Amino acid sequence: TKTRKRGERRGGPTRIMAMVPTAFDAVALAVAASLPQLVGSGLGLSFLPVVYFMTFRVRGLFAKFWAAPALCALMFLMEEGLAVASEPARAAPACLPMVLAVALHYMAVYYSVGLRTSSREALDSFADGVSSYLDEKCYKTKSLPKALYMKSERVLVAFACTTKIVAAIAYMVFFVLFNGLPTEGLLGCQGSKPAGLGAWLWALFILFWATEIMYHMSLYLSGNIQSRVEASFAMPVLQPTYWQWYLIALYAPTHALWLPLLLETIRTVVVSFLRMQDKEDTVISPVLYGIDMVHALFILHLKYSSSCTYPDAMLFRQICVSGFYMYSMFKFRYKKWKTWSKACIPVDARIYLPVHHKEITCFARKWQTGIEWPADGEVVKFPADHPITKKFGADIVVKYMETCHIIRQESRVQFEDDGSQVTVPFNRKTRMPAAWVCVEIPKKWGLKIAEKAMTTGLEGQFRVLHPLKDTKGVLSFFGDFGKAPLFAAKRYKKDPGGGYDVGDIGDISSLTNEAEIRAAKNRHVRLLKPYFQDCLMQEKAAEIGRRFNEVENLPVRKIEVLRACILEVDWDKELPALFLCEPFLDDNTPFRKFNNNDFIPGQQAVQNTPNMLSLFSYFSTNKQLLMCDIQGKKYRFTDPQFHSSEKESIDDDDYDDEDDRRDWLHSDGGKEMMKRVLLGLHEQKALHALCDRLWPDQMKEFSKEVEAWRADPEFQKQIEAWEKEAALYAKYFSNLNPVLDGGVGGFADMEEELDAAMKGST
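Predicted model, so just to flag it, every value in this text is computed and none were measured. (Residues numbered from 1 in each chain as written. Predicted model: local features only at pLDDT ≥ 70, side-chain atom pairs only at ≥ 80, totals over all residues. Heavy atoms only, no water.)

Comments concerning the overall build of the protein chain
Logical step 1: Scanning the protein chain from terminus to terminus reveals 23 helices and 17 strands.
Logical step 2: Among the 762 residues that make up the protein chain, the fraction classed as buried is 54%.
Logical step 3: Counted over contacts in the protein chain with a minimum sequence separation of 6, partners at least 24 positions apart contribute 74%.
Logical step 4: As displayed, the protein chain has an accessible area near 33300 Å², and 59% of this comes from carbon and sulfur atoms. (Helix = DSSP H or I, 4+ residues; strand = E, 2+ residues; numbered from the N terminus. Buried < 20%, exposed > 50% of the residue type's maximum accessible area, 1.4 Å probe, protein only. Contact = heavy atoms within 4.5 Å. Areas by Shrake-Rupley, 256 points an atom, 1.4 Å probe, with all protein chains shown as cover.)

Here you go:
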C-alpha cells in the first residue's frame, strides 16, 4: 500500500479572481448608474456609484491603487467644473490630501518590507518577548485573562488593531462632546453646516488612513505576508477604505452624518477586535449594514421628494457598500442552499460507530451510558425509559458487532467441462478491525443524500464528497455530533491501495462488455476496509486532540478533530455503497491543508496550532505515531494521516494481520515518511518557541534526533531533493495564515477564492 502523494490536494496561491459577469452585475450597474439621476448629483459625484461597483467586483483594481489620487482629482474637476483647474488655491487643498495619503501609504509599506529584511531578528525578538510576557501573565501566574495572550506572529498585528480600536472610540467620544447629539433625530437629513465639522470629517479620514497603514505594515513586519507590495493592496483584508472617507470629507460636511459615523465606529471596533483573534464578525456587521441600508433608503426617498439635503457622497457609500455586503451574504447563503438542496434522495441506511479497539480510546456517546453490550451480533436491548426508546421506539435497530464482518456478493468466471464459461456468484466475507455498533435507520427518519458529488478545486485524489442532510437529527443523535444537520459523505473514487479507479455506480449501466461490467461491480463491492480504517484513524486523531486540549497552560486555542462514522446505503441491493461521514465544516473560511504527509520546508507553514498538534502526537505516543496531513477550517481538523515507527518505508506491507496492533492504519509511510514530516516541523522557529515552553525535554531530544539525521551525508542529499520537490507548496502554504481571513466580512467568499486558485493551479 502506498501513502498518499503530495498531489492529493493540489496547492497553489490565492489568486485575484477574474470578474465573470452575472445577472447581478447588470442589475447593480444599472442601479449604480441611475442613483445619481434620482438625487440630482453633480457630474463628478455621479461617477461614484460606478466606482464603488467596480472596486467591489474587480478587486484587482486595488493593485493599481497608486492611481486613486488621479481618479479623485478627475471627479473633483468634473464636480466643480474644469475652470477650477486654473485656480490652484481651490484645487490644491482638495486634491493634495489624497496624493500625500497614497504616496505615504506606499512609502510606509515599502519601508516595512525593507525593515523586515534588515531587522528580522530584532522584530522577532521583540514579538517573542511580548508573547513570552503574556504567556507568563496569562498562563503561569494567571494574572491576566487568557484572551489577552498573543502568539509572537500576532503581536504587531494586535498592536495595530488595538490602536485602531482606541482611536475609533476616542474619535466618537470627542465628536459627541464637541458637537453634541443630533438635534433632528438619528434619521434627520436637514443637516446644518456648523463651523469646524469639516475638520472632524478630515480627522476621520486621517484616522482610517493612519490605522489602515499601520495594519498593512504590521502584516509585513510580522512576516505574515511576503507578497509584492502592489499585489497586497488587492488582498481582501488589506483593501484601503480611506479613499471613501476622503470623498465624504470633501463633499459632506453636515450634521446629518451622525448615524453613519456612529455605525462605522462601532463596526470598526468590533471588526478590529475580532481580527486580533482571527475571527469573523457574523452578527454585528450584518445588523449594522442592515441599519445603514434602511437609513440610506429612507434618505433616498426624502431626497427624491426634494425634502432633504443629505450629502450625496455619504448616501452613495451607504447604499453601495451596504448593498454589496448584503448581496455577498445572500450569495453565500444561496450557494449553500443550492449545494444542500441536492441532498434530496431519502435512503435506508446503516451507520457503523466504533466502540472499542485495543489501541484507540473510542469516544463514549451519551446514549451509550448505562448500556451493556450483548453477545456478538445480537440486538442491543434498551430499557423503556432510555432516550432511544422514547425518541425512536422500535423503528431503529441497534446491533453490537464485536467482530464486524461485511459480506458482499461478487462474481467470477468458471470454466465448465465442455470448455464453456459461466459467471458464478459467490459471497466474500471481509473482517473489519475494532468492535462496532450497527444502527439500521429507515427512510422515514430523514437521511437524505445527493446523487452526485460536489465539484470543488479542493477535491482529493482518492475521494469525492456527497452532501448529506440529517433532517430529523438521527445521525447527530447516534454519533453525538452536535445539532448541525449537514454532513459530508466521502466516497472513494480510487482505491487507496491499488490506485485503480472505482468510478460511479451509475457509470456501470453505460458499459456493454460483460467482462467490464463484472470487473466494475467487483471493484465497487471489494472496497470496504479502507472506510473502516479511515473512521478509526479519525477516532484515534480525535483521541489525541482531546489529550492535546488537556495540556496545562496550552498557549494556542483548543482544537477539535472531527470524529466520523460509516454510512452504508442500499445494503440489500446488488451494489451497496459505503461513505465515510462527518459533520460538514460550514462557514466562509476556506477548507485548507495545514500540513502534509510528506516533507514541507518549515518556514512555509504559518499556522502553528496544527503543526503543534502533530508534534504532540509524536511525543505523546512515545515516538510510535505521527499524526500529519492535517486539514480543515480554522481550528477544526479532519482527514488526518498517520505514520508509524513500526514500518521502515512506504514500500513495506501495511498491517494486514488481524492480530496486529495497527490493523486500523493504512497508507502508513513508516519511519521514512515520519522523518520527512518531522524535518519540516523542526525548521519552524515559531513552533519551536511554543513547544519549548511546554515540552522542553522532548524538544531537546527531538533536536538531537534531527541533528543526527542531518549528519548522514545521504540523508542530506535527500533533503536537497525534497526541498526542490516541495517548491510547489511554497505559495500555497504562505496563504494558510488565518490573519488574512479575519475581518474580511461578507465582501469576499474566501472558500470561493481558494477554490478558484486551486482549480487554476498547475
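Text resumes after the structure shown.
Brief notes about helix α11 (residues 284-304)
Logical step 1: Between its first and last C-alpha atoms α11 spans 30 Å; for 21 residues at 1.5 Å apiece the expected length is 30 Å, and the two agree.
Logical step 2: Within the span of α11, buried status applies to Ser 285, Leu 288, Tyr 289, Gly 290, Asp 292, Met 293, His 295, Ala 296, Ile 299, Leu 300, Leu 302 and Lys 303.
Logical step 3: Those residues of α11 hidden inside the fold are in contact with α1 (23-39), α10 (258-276) and α12 (312-340). (Expected span 1.5 Å × (residues − 1).)

As for the packing of α1 against α12
Logical step 1: Packing of α1 against α12 brings their axes to within 11 Å, and their N-to-C directions diverge by 160 degrees. Here α12 runs roughly antiparallel to α1, going by the angle between their axes. Crossing of α1 over α12 shows right-handed handedness. For the pair α1 and α12, contact is made by Phe 24, Ala 28, Leu 35, Pro 36 and Val 39 and by Asp 312, Leu 315, Phe 316, Ile 319, Phe 324 and Tyr 327, respectively.
Logical step 2: Split by residue class, the contact of α1 with α12 holds 10 nonpolar, no polar and 1 charged. (Axes fitted to C-alpha atoms, helices over the stretch in contact; angles between N-to-C directions. Parallel < 35°, antiparallel > 145°, perpendicular 65-115°, else oblique. Left-handed = near helix turned anticlockwise from the far one by under 90°. Nonpolar A, V, L, I, M, F, W, Y, C, P; charged D, E, K, R; others polar.)

Considering the sheet that holds strand β15 (residues 631-633)
Pairing between the strands of a sheet is mediated by backbone hydrogen bonds and can be parallel or antiparallel.
Logical step 1: One open sheet holds the 4 strands; their spatial order is β10-β16-β15-β13, and the pairing between them is mixed. Looking at the sheet topology across the chains shown, the edges are occupied by β10 (560-561) and β13 (592-593). (Pairing = 2+ DSSP bridges.)

Brief notes about the pattern of salt bridges
Logical step 1: One pass over the structure, following the stated rule, counts 23 salt bridges.
Logical step 2: Its salt-bridge partner being Lys 490, residue Glu 582 comes within 3.0 Å of it at the nearest N-O pair. One end of the pair, Glu 582, is in strand β12 (residues 577-583); the other, Lys 490, is in strand β9 (residues 486-492), and 92 residues separate them in sequence.
Logical step 3: Between Lys 623 and Glu 705 there is a salt bridge whose closest N-O contact spans 3.5 Å. Of this pair, Lys 623 sits in the loop between α17 (608-620) and β14 (625-628) while Glu 705 sits in helix α20 (residues 696-710), and the two are 82 residues apart along the sequence.
Logical step 4: One connected set of salt bridges, linked through shared partners, spans Glu 264, Arg 267, Asp 292 and Arg 317. (Salt bridge = Lys/Arg side-chain N within 4 Å of Asp/Glu carboxyl O.)

Looking at the environment of Gly 323
Logical step 1: Tracing the backbone shows Gly 323 in helix α12.
Logical step 2: The contacts of Gly 323, once residues within four sequence positions are left out, are Met 293 and Gln 318.

Some words on helix α16 (residues 529-549)
Logical step 1: In this model, α16 (21 residues) spans 30 Å end to end at C-alpha, consistent with the 30 Å of a helix rising 1.5 Å per residue.
Logical step 2: Among the 21 residues in α16, 18 count as buried, and that is most of the element.

A word on the pairing of β9
Logical step 1: Counting buried positions along β9 gives 7 out of 7 residues, so the element sits mostly inside the fold.
Logical step 2: As paired elements, strand β8 (residues 463-470) and β9 share 7 bridges and run antiparallel to each other. If you follow His 466 over to β9, its bridge partner there is Ala 489.
Logical step 3: Summarising the sheet, β9 and β12 pair through 4 bridges and their orientation is antiparallel. Paired with Ala 488 across the two strands is Glu 582, which belongs to β12.

Brief notes about the packing of aromatic side chains
Logical step 1: Under the definition given, this model contains 43 aromatic pairs.
Logical step 2: Judged by centre distance (5.8 Å) and plane angle (20 degrees), the ring pair of Phe 65 and Phe 233 falls under stacked. Of this pair, Phe 65 sits in the loop between α2 (48-57) and α3 (68-80) while Phe 233 is found in the loop between α8 (229-232) and α9 (242-251), placing the two residues 168 residues apart along the sequence.
Logical step 3: Taking the relative accessible area as the measure of exposure, Phe 65 reaches 5% and is therefore buried.
Logical step 4: Ring centres of Phe 330 and Tyr 334 lie 6.3 Å apart, and the angle between their planes is 15 degrees; on these two criteria the pair is classed as stacked. Of this pair, Phe 330 and Tyr 334 both sit in helix α12, 4 residues apart, roughly one helical turn.
Logical step 5: A relative accessible area of 41% means that Tyr 334 is categorised as partly exposed.
Logical step 6: Put simply, the rings of Phe 62, Phe 65, Tyr 106, Trp 202, Phe 205, Phe 233, Tyr 242 and Tyr 246 pair up and form one aromatic cluster. (Phe/Tyr/Trp six-rings, centres within 6.5 Å; stacked < 30°, edge-to-face > 60°.)

Considering the packing of helix α6 (residues 155-179) against α10
Logical step 1: Between α6 and α10, the shortest axis-to-axis distance is 9 Å and the interhelical angle comes to 160 degrees. One element, α6, and the other, α10, form an angle in the roughly antiparallel class. As for the relative orientation of α6 and α10, their crossing is left-handed in sense. Facing Ala 158, Cys 161, Thr 162, Lys 164, Ile 165, Ala 168, Ile 169, Tyr 171, Met 172, Phe 175 and Val 176 of α6, the residues of α10 in contact are Trp 258, Leu 261, Leu 262, Thr 265, Thr 268, Val 269, Ser 272, Phe 273, Arg 275 and Met 276.
Logical step 2: Here the contact of α6 with α10 is composed, by residue class, of 15 nonpolar, 4 polar and 2 charged.

Quick look at the side chain of Asn 595
Logical step 1: Assignment of secondary structure puts Asn 595 in the loop between β13 and α17.
Logical step 2: Only 3.1 Å separates the side chain of Asn 595 from the side chain of Asn 611, close enough to count as a polar contact.
Logical step 3: A distance of 2.9 Å separates a polar side-chain atom of Asn 595 from the backbone nitrogen of Asp 629. (Polar contact = N/O pair within 3.5 Å; in protein donor to acceptor, adjacent residues only side chain to side chain.)

Thoughts on the pairing of β8
Sheet faces and side chains relate simply in a regular strand, where the side chains alternate between the two faces.
Logical step 1: Most of β8 sits inside the fold, with 6 of its 8 residues counted as buried.
Logical step 2: Bridge analysis of strand β7 (residues 447-450) against β8 gives 3 bridges, and the strand direction is antiparallel. Paired with Lys 448 across the two strands is Lys 469, which belongs to β8.

Section: the sheet that holds β7
Logical step 1: Read across the sheet, 9 strands follow the order β1-β7-β8-β9-β12-β11-β2-β6-β3 without closing on themselves; strand pairing throughout is antiparallel. Edge strands, defined here as strands with exactly one partner in the open sheet, are β1 (343-346) and β3 (397-401). Across this sheet, the average inter-strand angle for adjacent strands is 35 degrees, counted without regard to direction.
Logical step 2: As judged from the 3 bridges shared by β1 and β7, these two strands associate in the antiparallel manner. Along β7, the bridge assignment pairs Ala 343 with Ala 450.
Logical step 3: The strands touched by α12 within the sheet are β1, β8 and β9, with β8 carrying the most contacts at an inclination of about 95 degrees.
Logical step 4: Its contacts with the sheet place α16 against β2 (349-356), β6 (435-441), β8, β9, β11 (565-569) and β12, and it is angled at close to 15 degrees to β12.

Quick notes on the nonpolar core
Logical step 1: Grouped together as the largest cluster of nonpolar side chains are 164 residues, with contacts concentrated most on Phe 65, Met 98, Trp 436, Phe 532 and Met 612.
Logical step 2: Element by element, the count of residues in this core is highest for helix α7 (residues 197-221), at 14 residues.
Logical step 3: Ignoring anything within four residues of it in the chain, the contact list for Trp 436 reads Tyr 352, Leu 353, Pro 354, Val 355, Lys 399, Tyr 400, Met 401, Cys 404, Phe 532, Cys 535, Leu 536 and Ile 566.
Logical step 4: If you look at the next biggest cluster of nonpolar residues, it comprises 34 residues, including Ala 349, Ile 351, Val 437 and Trp 445. (Core = buried A, V, L, I, M, F, W, Y, C linked by side-chain atoms within 4.5 Å.)

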